[in-house]
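The lines below spell out each chain.
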Amino acid sequence: LSGHAIAKIQGVAHFSKLTHLLLSGNAIGPKMAGVEALPPTLRTLDLSHNRLTDMSGVASLLALEDLNLNGNRISEIPSGIAHVKGLRVFRCAENQITSLAQFAHLAPLAALAILEAHGNSALLAAEAAAGGGGGGEGGGGGGG
């Protein structure tokens, strides 16, 4: 269902055994409206490249293991994400997160193995303004 100009998460609640939902490249936002109605079996949710500014609804997805929110307009990681105990992969790159302190909400997630958060330009600007700078060009390699 990627790339279809979908504006709301709806019509999938009756798929009681759904484990993967890929909705990248749509028009969902600014909130995750409808996410609370997703089946409790959902393990993978890809909402990358939408219009999200708020991800607070994710706390209701207790079985979630892989969450991709890359390329949105999210500025805060809600404390409720700590309820998603099985989250192994969290992608929030290319958003508008402004503080490293936001990532403290991920600390209780013992299963978290992959965190992708590069390209949060607001975070980089805030760190540079605070004198953190972070080493400029080069750095982390990244490759592929």
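See the structure printed just above.
Below you will find a few notes about this structure.

What counts, and at which threshold
Residues numbered from 1 in each chain as written. Predicted model: local features only at pLDDT ≥ 70, side-chain atom pairs only at ≥ 80, totals over all residues. Heavy atoms only, no water. Helix = DSSP H or I, 4+ residues; strand = E, 2+ residues; numbered from the N terminus. Contact = heavy atoms within 4.5 Å. Areas by Shrake-Rupley, 256 points an atom, 1.4 Å probe, with all protein chains shown as cover. Pairing = 2+ DSSP bridges. Axes fitted to C-alpha atoms, helices over the stretch in contact; angles between N-to-C directions. Core = buried A, V, L, I, M, F, W, Y, C linked by side-chain atoms within 4.5 Å. Buried < 20%, exposed > 50% of the residue type's maximum accessible area, 1.4 Å probe, protein only. Salt bridge = Lys/Arg side-chain N within 4 Å of Asp/Glu carboxyl O. Polar contact = N/O pair within 3.5 Å; in protein donor to acceptor, adjacent residues only side chain to side chain.

1. With respect to the overall build of the protein
Each helix and strand in the protein was counted, giving 1 helix and 5 strands. Listed N to C, the secondary structure of the protein is β-β-β-β-β-α in terms of helices and strands. Within the protein, contacts between residues at least 6 apart in sequence are counted, and of these 38% link residues at least 24 apart. Carbon and sulfur atoms make up 55% of the accessible area of the protein, which amounts to about 7700 Å² in all.

2. Side note on the sheet that holds strand β1 (residues 20-22)
Strands sit in the order β1-β2-β3-β4-β5 across an open sheet of 5 strands; the sheet is parallel. If you trace the sheet from one side to the other, it starts and ends with β1 and β5 (114-116), each paired once. For this sheet the average axis-to-axis angle between neighbouring strands, irrespective of direction, equals 5°. As defined by bridge partners, strand β2 (residues 44-46) adjoins strand β3 (residues 66-68) across 3 bridges and the pair is classed as parallel. Looking at β3, one finds that threonine 44 is bridged to aspartate 66.

3. Here's the deal with the nonpolar core
Judged by nonpolar contacts, the single largest core of 30 residues is most densely connected at Leu45 and Phe90. Excluding residues within four positions of it along the chain, leucine 45 makes contact with Leu21, Met32, Val35, Leu38, Leu61, Leu64, Asp66, Leu67 and Asn68.

4. A closer look at the environment of glutamate 65
Here glutamate 65 lies in the loop between β2 and β3. Spatially, the C-alpha atom of glutamate 65 lies 6.3 Å from that of valine 89, the residues being 24 residues apart in sequence.

5. Here we look at the pattern of salt bridges
Tallied over the entire structure, the rule returns 5 salt bridges. Between aspartate 54 and lysine 31 there is a salt bridge; the shortest N-O distance is 3.1 Å. Of this pair, aspartate 54 sits in the loop between β2 and β3 while lysine 31 sits in the loop between β1 and β2, and the two are 23 residues apart along the sequence. Here arginine 88 ties to glutamate 65 by a salt bridge, and the two come within 3.7 Å at their closest N and O atoms. A residue pair is termed long-range when its members are at least 10 positions apart, and arginine 88 in the loop between β3 and β4 (89-91) and glutamate 65 in the loop between β2 and β3 qualify at 23 residues. Residue class for glutamate 65 comes out partly exposed when judged on its relative accessible area of 27%.

6. Here's the deal with the environment of lysine 31
Lysine 31 sits in the exposed class, given a relative accessible area of 52%. Residues lysine 31 and glycine 57, spaced 26 residues apart in sequence, show a C-alpha to C-alpha distance of 7.9 Å. Not counting residues within four places of it along the chain, the set of residues in contact with lysine 31 comprises Leu52 and Asp54. Here aspartate 54 takes part through its side chain, which lies 3.1 Å from a polar atom of the side chain of lysine 31.

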